[in-house]
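The lines below spell out each chain.
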Amino acid sequence: GHDPGVWFFSLDAANALAVWIARTFWNLPYHHATMSLEKGVDGVIRYDTARRASTHSAECHVVYEPLGAPSPAKPLTLEHFLAERYILYADRGGGELRKGRVHHVPYPLQKAKLYSWDESLLVAAGVARPAGEPLAHYASGVDVDVFALEAL
């Protein structure tokens, strides 16, 4: 379409209040989770998340290493298509689709070497896991502003 954006099948967060706000005001499928991220002196990152008291129980355990220098994704690349989304879509319920503008600086992307990956997030969201190895990138993070959702 003419307004490419992001549709979140599920999102996990450690802050219960943030989960409540996102679910209540943006109708985003957030779940309260216990999360940890450890970065070793060798640069290898161990990330773990497990949902707490959710009807859609799920976990994710990943060990990976960012490679190379961070840089914004180049336009017209797969990385740019996947990372640089400035609209989000949400189902308000009752068949009402809403969209909201998102603002952030370009993500400082790095390729990532994936050492291990064990998750049940996809099946919990009703998505079949694709065959083959996952495409792995890392971004240290950016500040994101989400504007009010509007009905389509």
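Refer to the preceding data block for the structure.
Residues numbered from 1 in each chain as written. Predicted model: local features only at pLDDT ≥ 70, side-chain atom pairs only at ≥ 80, totals over all residues. Heavy atoms only, no water.

Caption draft 1: Highlighting the overall build of the protein chain. Secondary structure assignment for the protein chain yields three helices and eleven strands. When the elements of the protein chain are put in sequence order from the N terminus, they spell out β-β-α-β-β-β-α-β-β-β-α-β-β-β. Relative to its length of 152 residues, the protein chain is compact, with a C-alpha radius of gyration of 16 Å against a globular reference of 15 Å. For the protein chain, the spread of C-alpha atoms along the principal axes amounts to about 50 × 40 × 30 Å. (Helix = DSSP H or I, 4+ residues; strand = E, 2+ residues; numbered from the N terminus. Rg over C-alpha atoms; globule rule 2.2 N^0.38 Å.)

Caption draft 2: Summary view of the pattern of salt bridges. As enumerated under the stated definition, the model contains five salt bridges in all. With a shortest N-O distance of 2.9 Å, Arg51 and Asp12 are connected by a salt bridge. Highlighted residues: Arg51 in strand E4 (residues 45-51) and Asp12 in strand E2 (residues 11-13), separated in sequence by 39 residues. In this structure, Arg51 and Asp12 share a single accessibility class: buried. In this structure, Arg98 and Glu96 form a salt bridge, with 2.8 Å as the shortest nitrogen-oxygen distance. (Salt bridge = Lys/Arg side-chain N within 4 Å of Asp/Glu carboxyl O. Buried < 20%, exposed > 50% of the residue type's maximum accessible area, 1.4 Å probe, protein only.)

Caption draft 3: The side chain of Asp12, seen in detail. For Asp12, a relative accessible area of 17% corresponds to the buried category. Setting aside anything within four residues of it in sequence, one finds Asp12 in contact with Tyr30, His31, Ala33, Met35, Thr49, Arg51 and Leu121. (Contact = heavy atoms within 4.5 Å.)

Caption draft 4: Up close: the sheet that holds E2. Read from one edge of the open sheet, six strands run E2-E3-E4-E5-E8-E9, paired in mixed fashion. Each edge of the open sheet is held by one strand with a lone partner, namely E2 and strand E9 (137-139). Strand-to-strand twist across the sheet, computed as the mean angle between neighbouring axes with direction ignored, equals 40 degrees. As paired elements, E2 and strand E3 (residues 30-39) share three bridges and run parallel to each other. For Leu11, the partnering residue across the bridge sits in E3 and is Tyr30. The strands that helix H1 (residues 16-25) touches are E2 and E3; relative to E3, the one it contacts most, it runs at about 135 degrees. (Pairing = 2+ DSSP bridges. Axes fitted to C-alpha atoms, helices over the stretch in contact; angles between N-to-C directions.)

Caption draft 5: Structural detail: the nonpolar core. Formed by Ile45, Cys60, Val62, Tyr64, Ala112, Ala136 and Tyr138, the largest nonpolar core amounts to seven residues. Ranked by residues supplied to this core, first place goes to strand E5 (residues 59-71) with three residues. Ala112 has contacts with Tyr64, Glu65, Pro66, Leu67, Ala136, His137 and Tyr138, leaving out every residue within four places of it along the chain. By size, the runner-up hydrophobic cluster in this structure holds six residues, among which are Leu28, Leu88, Ala90 and Leu149. (Core = buried A, V, L, I, M, F, W, Y, C linked by side-chain atoms within 4.5 Å.)

Function cannot be inferred from these measures alone, as they are strictly geometric.
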